[in-house]
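Overview (structure and organization)
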Amino acid sequence: MKAIVIPNPNEIEIRELPMPQVKDGEALLKIKYVGICGADVASFTGNQPFTTYPRIPGHEFSAEIISIPENDKGLKVGDIVTCNPYFNCGECYSCERGYVNCCTDNQTMGVQRDGAFCEYISMPVDRIYHGRGLSAKELALIEPFSISQHAISRAQIKDTDSVLVIGAGPIGLFALIAAKQHCKKIVVADILDNRLELALAYGADAVVNTKKQSLEEFTKKFTGGNSFDVCIEACGAPETFLGCIENAAFAANIILIGNGKRETSFVHSIILKKELNIHGSRNALKNDFINNIELVSSGKADVMKMVSGIYDMADALDAFKALSNNDGTLAKLLIKIGD
């Protein structure tokens, strides 16, 4: 089979590899589409500390079942599916308590283990989720949507809450979509107008370009001086984390999705003064995937607006380079692997 491999940073090769060995309790899947995640781009550019090389990237994907053992999930040959790509050990303290999304020995496909940018993979049956009639393209977007859905669940948003999302990349936009299912007052902040236009298309009640306007002044006006009940950080930058703290109401919830790479310095007394609830969020759970499949199939979320382009497998290097030099005009790129 063919596979897209990152042999070293800034290199992409299409290699011929053996077909996967299918173990007991596993299905053989033919990959349809794979989305390029920020983690994949970081692996490509050499900025992902957990990646070893050579590595097959990819954990946002759809597939067709080629073979599968008898199961109680109703899954059968020919079904179009997506999968949970975060492998947990099942033995650590986190797994024992049911927090399998933050297993202390987490291995995410495409990062700590080989991923889905290949023609075939084997996958444990209990990690496979039926597509419920969604297209293969839509199913390739369920995993990043689930990252944001899980994050939103950490805050238990009420319908009366006002929400600020800082960062209008794909994860921030998916957070907007997820939050819209719970409340109606959502603001998205970013420094790029084209991303903010997409946020408006996805139902943001207001947007603010923080290069052109003070976020603090905007917050005072929009909330009547109360600040936001929920602030979602989807960039991973010190400035945006501090922006969440500054614009959060007293007793507000702050959710961190962005994976920061720089240290943040601040006087932590502000957290005590405001009695802020700060939640980290990592990966997603089974219910996040299943709920999102139902949400998209019901027509309440049009995830295809997120797709900026689709590349053939042979053009994978061009896709990775495009996202490595993204000026904000690109959201999600998909790579077509199979028919």
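Below, the structure is looked at part by part. What you are looking at is a predicted structure, and each value in this text was computed from that prediction instead of being measured. (Residues numbered from 1 in each chain as written. Predicted model: local features only at pLDDT ≥ 70, side-chain atom pairs only at ≥ 80, totals over all residues. Heavy atoms only, no water.)

As for the packing of helix 1 (residues 38-45) against helix 11 (residues 316-324)
Quick reminder of the rule: Under this scheme, a helix contributes an axis fitted over its contacting stretch, all axes are lines through C-alpha atoms, and angles between N-to-C directions fall in the 0 to 180 degree range. Helix and strand labels come from DSSP, where a helix needs a run of H or I of at least four residues and a strand needs a run of E of at least two; each type is numbered from the N terminus. Orientation categories follow fixed angle ranges, with anything under 35 degrees roughly parallel, anything over 145 roughly antiparallel, 65 to 115 roughly perpendicular, and all other angles oblique. Contacts are assigned to residue pairs that have any heavy atoms within 4.5 Å of one another. As a working rule, the residues Ala, Val, Leu, Ile, Met, Phe, Trp, Tyr, Cys and Pro are called nonpolar, Asp, Glu, Lys and Arg charged, and the rest polar, with Gly in that last group.
Where helix 1 meets helix 11, the closest approach of the two axes is 10 Å, and the angle between their N-to-C directions is 100°. One finds that helix 1 runs roughly perpendicular with respect to helix 11. Along its contact with helix 1, which presents D40, V41, F44 and T45, the element helix 11 presents L317, F320, K321, L323 and S324. Partitioning the contact of helix 1 with helix 11 into residue classes produces 5 nonpolar, 2 polar and 2 charged.

Here we look at the side chain of T51
Rule in force here: Burial status follows relative accessibility: with a 1.4 Å probe on protein chains alone, a residue under 20% of its type maximum counts as buried, one over 50% as exposed, and anything between as partly exposed. Counting of polar contacts relies on pairs of N or O atoms within 3.5 Å, with two restrictions inside protein: one atom must be capable of donating a hydrogen and the other of accepting it, and residues adjacent in sequence are counted only when both atoms are side-chain atoms.
Here T51 shows up in the loop between helix 1 and strand 4 (60-67). Residue classification places T51 among the buried residues on the basis of a relative accessible area of 8%. For T51, the side chain forms a polar contact with the side chain of S43, separated by 2.7 Å. In this view, T51 contacts S43 and V111; residues no more than four positions away in its chain are not counted.

Describing the nonpolar core
Filter applied, for reference: By convention a nonpolar core is built from buried Ala, Val, Leu, Ile, Met, Phe, Trp, Tyr and Cys residues, the set being connected through side-chain atoms within 4.5 Å.
Residues F145, I157, V163, L176, V188 and I232 are the most contacted members of the largest nonpolar core, which totals 47 residues. Going through the elements one at a time, helix 3 (136-139), helix 4 (142-153), strand 10 (162-166), helix 5 (170-180), strand 11 (185-190), helix 6 (193-201), strand 13 (228-233) and helix 10 (286-297) are the ones with two or more residues in this core. Among the elements that line this core, the one with the most residues is helix 5, at 7 residues. Setting aside residues no more than four positions away along its own chain, L176 makes contact with I186, V188, A199, Y202, G203 and A204.

Some points on the packing of helix 4 against helix 5
Just so we agree on the cut-off: Each crossing is labelled by how the near helix is turned from the far one, with a counterclockwise turn of less than a right angle marking it left-handed and a clockwise turn marking it right-handed.
At a closest axis distance of 8 Å, the pairing of helix 4 and helix 5 adopts a crossing angle of 55°. For the element pair helix 4 / helix 5, the angle class is oblique. Seen along the crossing, helix 4 lies across helix 5 with a hand that is right-handed. Residues P144, F145, I147, S148, Q149 and I152 of helix 4 form the contact with helix 5, whose own contacting residues are I171, F174, A175, I177, A178 and A179. When the residues that make up the contact of helix 4 with helix 5 are grouped by side-chain class, the tally is 10 nonpolar, 2 polar and no charged.

Here we look at the packing of aromatic side chains
Which entries qualify depends on this criterion: Working definition: rings of Phe, Tyr and Trp (its six-membered ring) pair if their centres are within 6.5 Å, and the pair is stacked with planes under 30 degrees apart, edge-to-face with planes over 60 apart, and tilted otherwise.
Under the criterion given, the structure shown has 8 aromatic pairs. Their ring planes at 10° and their centres at 5.7 Å tell us that F218 and F222 sit as a pair that is stacked. You can see F218 and its partner F222 sitting in helix 7 (residues 215-223), 4 residues apart, about one turn around the helix. Under the relative-accessibility criterion, F218 is labelled buried at 12%. Owing to a relative accessible area of 27%, F222 belongs among the partly exposed residues under this scheme. Ring centres of F241 and F266 lie 5.6 Å apart, and the angle between their planes is 80°; this geometry places the pair in the edge-to-face category. Of this pair, F241 sits in helix 8 (residues 238-247) while F266 sits in the loop between strand 14 (248-256) and helix 9 (269-274), placing them 25 residues apart in sequence.

As for unusual backbone geometry
For residues other than glycine, phi is negative in most cases, and the peptide bonds are mostly trans. Here Y53 and P54 are connected by a cis peptide whose omega angle stands at -5°. If you trace the backbone, P54 turns up in the loop between helix 1 and strand 4. The residue N10 is not glycine, and still its phi comes out positive at about 70°. Assignment of secondary structure puts N10 in the loop between strand 1 (2-5) and strand 2 (13-16). A positive phi angle, close to 50°, is found at Q156, a residue other than glycine. Checked against the element boundaries, Q156 lands in the loop between helix 4 and strand 10. Owing to a relative accessible area of 66%, Q156 belongs among the exposed residues under this scheme.

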